[in-house]
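Residues per chain are reported as follows:
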Amino acid sequence: MRIGFGYDVHEFAEGRQLILGGVVVPYDKGLLGHSDADVLLHAVMDALLGAAGLGDIGRHFPDTDPSYENIESTILLKETTRILADKGYACHNLDCTIAAQAPKLKEYLDDMKENIAEILKIDGSLINIKATTTEGLGFVGRKEGMAAYAVCTIMSKETCL
């Protein structure tokens, strides 16, 4: 068993959709980034890659590569899952927290969990996603952006079967 931790942050921007966990969340702003800026999936990918000792998403999907411009992060998570599988690993457990002062995310968390479980090819009971505010503190509290944290365990594919 190996453990990984991921973190990501993006600022809000006008004229973009807010996408979290592959789910479009209605809001008057989206997150700014080279891809779709799905802060949750970016944290998940960093946790998975870190657990396997394979660097981070910037190493595998650099924002200097035009082929990743505006790409859906669900596609990148699928590729990350393939990279792990090629090294003999599969995700065994995932716990995530989204830090957002707004919008309220409670009604979207199950859909995010379902998307991630499908991509990782694991049972949804092995995934937990939470949302919290920062009680008005910091850039998240000022509604300038969002952050996400993820911790995971990965195991050799043979152990998971």
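Coordinates for the structure precede this section.
On a predicted model such as this, the values are computed, not experimentally measured, just so you know.

### Here we look at the layout of surface pockets
Any empty space left between atoms is shown by rolling a water-sized probe over those atoms.
Here's step 1: Looking at the largest pocket, its volume works out to about 260 Å³.
Here's step 2: Looking at the largest pocket, it is lined by 14 residues, and the ones nearest its centre are His34, His42, Ile57, Phe61 and Asp63.
Here's step 3: Sorting the residues of the lining of the largest pocket by element identifies strand E1 (2–13), helix H1 (39–51) and helix H2 (57–60) as the ones contributing at least two each.
Here's step 4: When grouped by side-chain class, the residues that make up the lining of the largest pocket number 6 nonpolar, 6 polar and 2 charged.

### Brief notes about the nonpolar core
Here's step 1: Of all hydrophobic cores here, the largest spans 49 residues; its most connected members are Leu20, Leu48, Leu94, Ile98, Met112, Ile129 and Met146.
Here's step 2: Elements with a contribution of two residues or more to this core: strand E2 (18–20), strand E3 (23–25), H1, helix H3 (73–86), strand E5 (89–99), helix H4 (109–120), strand E6 (127–132) and strand E7 (145–156).
Here's step 3: The contact partners of Leu48, leaving out residues within four places of it in the chain, are Leu77, Thr80, Leu84, Cys91, Leu120, Cys152 and Ile154.

### With respect to the pattern of salt bridges
Here's step 1: As enumerated under the stated definition, the model contains 4 salt bridges in all.
Here's step 2: Between Arg82 and Asp86 there is a salt bridge, with its nearest N and O atoms 2.2 Å apart. Of this pair, Arg82 and Asp86 both sit in helix H3, 4 residues apart, which is roughly one turn of the helix.
Here's step 3: Its salt-bridge partner being Glu144, residue Arg142 comes within 2.7 Å of it at the nearest N-O pair.
Here's step 4: Through salt bridges with shared partners, a single network forms among Glu79, Arg82 and Asp86.

### Here we look at the packing of aromatic side chains
Here's step 1: With the rule as written, the count across this model stands at 3 aromatic pairs.
Here's step 2: With a centroid separation of 5.5 Å and 85° between ring planes, the pair formed by Phe61 and Tyr68 is classed as edge-to-face. Across the pair, Tyr68 and Phe61 agree in class, each one buried.

### Section: the sheet that holds strand E4 (residues 30–31)
Here's step 1: Strand order in the open sheet formed by 5 strands is E4-E1-E7-E5-E6, with mixed pairing between adjacent strands. Where the open sheet ends on each side, the last strands, each with one partner, are E4 and E6.
Here's step 2: Pairing of E5 with E7 involves 10 bridges; the strand directions are antiparallel. In the strand pairing of E7, Ala90 is matched with Met155.
Here's step 3: Here H1 sits on the sheet in contact with E1, E4, E5, E6 and E7, set at roughly 155° to E1.
Here's step 4: Contacts from H4 reach E5 and E6 within the one sheet, and its direction differs from that of E6 by about 145°.

### Observations regarding H3
Here's step 1: Its 14 residues place the ends of H3 20 Å apart at the C-alpha level, agreeing with the 20 Å of an ideal helix rising 1.5 Å per residue.
Here's step 2: Buried residues belonging to H3 abut H1, H2, E5, H4 and E7.
Here's step 3: Phi turns positive one or two residues past the end of H3, at Gly88, with a value near 90°.

### A look at the environment of Asp56
Here's step 1: Looking at the element boundaries, Asp56 is found in the loop between H1 and H2.
Here's step 2: Asp56 sits in the partly exposed class, given a relative accessible area of 38%.
Here's step 3: Each C-alpha atom, one on Asp56 and one on Ile154, is 15 Å from the other, the two residues being 98 residues apart in sequence.
Here's step 4: Residues within four places of Asp56 in sequence aside, it is in contact with Asp46 and Leu49.
Here's step 5: A distance of 3.2 Å separates a polar side-chain atom of Asp56 from the backbone nitrogen of Gly58.
Here's step 6: At 3.0 Å, the side chain of Asp56 forms a polar contact with the backbone nitrogen of Arg59.

Procedures and definitions
- Residues numbered from 1 in each chain as written.
- Predicted model: local features only at pLDDT ≥ 70, side-chain atom pairs only at ≥ 80, totals over all residues.
- Heavy atoms only, no water.
- 1 Å grid on protein atoms, 1.4 Å probe; cavity = no way out; pocket = protein on both sides within 12 Å on 5 of 7 lines; lining within 4 Å.
- Points joined across faces, edges and corners; volume = space filled by probe spheres on them.
- Helix = DSSP H or I, 4+ residues; strand = E, 2+ residues; numbered from the N terminus.
- Nonpolar A, V, L, I, M, F, W, Y, C, P; charged D, E, K, R; others polar.
- Core = buried A, V, L, I, M, F, W, Y, C linked by side-chain atoms within 4.5 Å.
- Buried < 20%, exposed > 50% of the residue type's maximum accessible area, 1.4 Å probe, protein only.
- Contact = heavy atoms within 4.5 Å.
- Salt bridge = Lys/Arg side-chain N within 4 Å of Asp/Glu carboxyl O.
- Phe/Tyr/Trp six-rings, centres within 6.5 Å; stacked < 30°, edge-to-face > 60°.
- Pairing = 2+ DSSP bridges.
- Axes fitted to C-alpha atoms, helices over the stretch in contact; angles between N-to-C directions.
- Expected span 1.5 Å × (residues − 1).
- Polar contact = N/O pair within 3.5 Å; in protein donor to acceptor, adjacent residues only side chain to side chain.

Geometric values such as these leave the question of function open.
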